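# Coordinate analysis (summary)
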Amino acid sequence: MEAVLIAGIARRLLDELLRNPYRTIELRSARNVLAVERAMEDLRRLFLTYEPFEDVRTGTEGLITELIEARELNMRVPWEESDEREVTVCRARVKLLGLGRVVEMERRDSITVVKVREMLPQEMQIG
């Protein structure tokens, strides 16, 4: 199965998704926001992992989700806290499909698409 990679997700969120298969996640990383945009156009599957983007490789474990809907929000930032005045946030509604492990990675138009093998809960080493 192919899915768009979403990396650096908080362990708390991954645990919540395992307990409740429907969740709206909020993404601020420019890489993850762009990845969700592209997933809406084509694959509609996301692979969520705790690992930072640079550490994702064959064997990385995570959650396979279906992207139900997504929307971008522009939020104002107080000028004292940042050199920028706005930040783009993406809210994505997802449905948990299962557990997975990366088998292969491929760069496509500035996003990373991973081929994922579905796993049984007893195979997982994260958590």
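We now turn to the structure provided with this report. This is a predicted model, so every value here is computed, not measured.

## As for the pattern of salt bridges
In total, this model carries 9 salt bridges according to the counting rule given. For Glu104, the salt bridge identified is with Lys115, shortest N-O distance 3.9 Å. With a gap of 11 residues between them, Glu104 in strand β5 (residues 86-108) and Lys115 in strand β6 (residues 111-119) connect regions that are remote in the sequence. Taking relative accessible area as the criterion, Glu104 reaches 38% and is therefore assigned partly exposed. With a closest N to O distance of 3.2 Å, Glu106 and Arg108 form a salt bridge. Of the residues examined, Glu106 reaches a relative accessible area of 35% and is grouped as partly exposed. Through salt bridges with shared partners, one network takes in Glu2, Glu106 and Arg108.

## Describing the packing of aromatic side chains
According to the stated counting rule, one finds 0 aromatic pairs in the structure shown. Taking the ring centre of Tyr50 as reference, the NZ or CZ of Arg11 above it sits at 4.0 Å. Above the ring of Phe53, the side-chain terminus of Arg31 is found at 3.9 Å from the ring centroid.

## Let's talk about the pairing of β5
Successive side chains on a regular strand alternate, one facing one side of the sheet and the next facing the other. In terms of strand pairing, strand β2 (residues 22-27) meets β5 through 6 bridges, oriented antiparallel. Paired with Arg23 across the strands is Val94, a residue of β5. With 15 bridges joining them, strand β4 (residues 61-76) and β5 adopt antiparallel strand pairing. For Glu69, the partnering residue across the bridge sits in β5 and is Arg93.

## A few points about a negative patch on the surface
A cluster of acidic side chains, namely Glu37, Glu41, Asp42 and Glu72, defines a negative patch on the protein surface. Since its relative accessible area comes to 57%, Asp42 is described here as exposed.

## A short note on helix α1 (residues 11-19)
Among the residues of α1, Leu13, Leu14 and Leu17 are the ones counted as buried. Each buried residue of α1 sits inside an arc of 100° when the element is viewed along its axis, so together they form one side. Opposite the packed face of α1, turned more than 90 degrees from it, sit the exposed residues Arg12 and Arg19. As for α1, its buried residues are in contact with β2, β3 (45-48), β4 and β5.

About the thresholds
Residues numbered from 1 in each chain as written. Predicted model: local features only at pLDDT ≥ 70, side-chain atom pairs only at ≥ 80, totals over all residues. Heavy atoms only, no water. Salt bridge = Lys/Arg side-chain N within 4 Å of Asp/Glu carboxyl O. Helix = DSSP H or I, 4+ residues; strand = E, 2+ residues; numbered from the N terminus. Buried < 20%, exposed > 50% of the residue type's maximum accessible area, 1.4 Å probe, protein only. Phe/Tyr/Trp six-rings, centres within 6.5 Å; stacked < 30°, edge-to-face > 60°. Lys NZ or Arg CZ within 6 Å of the ring centre and 35° of its normal. Pairing = 2+ DSSP bridges. Patch = residues over 30% accessible without salt bridge, like charges linked within 9 Å, V, L, I, M, F, W, Y side chains within 5 Å. Areas by Shrake-Rupley, 256 points an atom, 1.4 Å probe, with all protein chains shown as cover. Lys, Arg positive; Asp, Glu negative; His and termini not counted. Charge placed at Lys NZ, Arg CZ, Asp CG, Glu CD. Arc of directions from axis to C-beta. Contact = heavy atoms within 4.5 Å.

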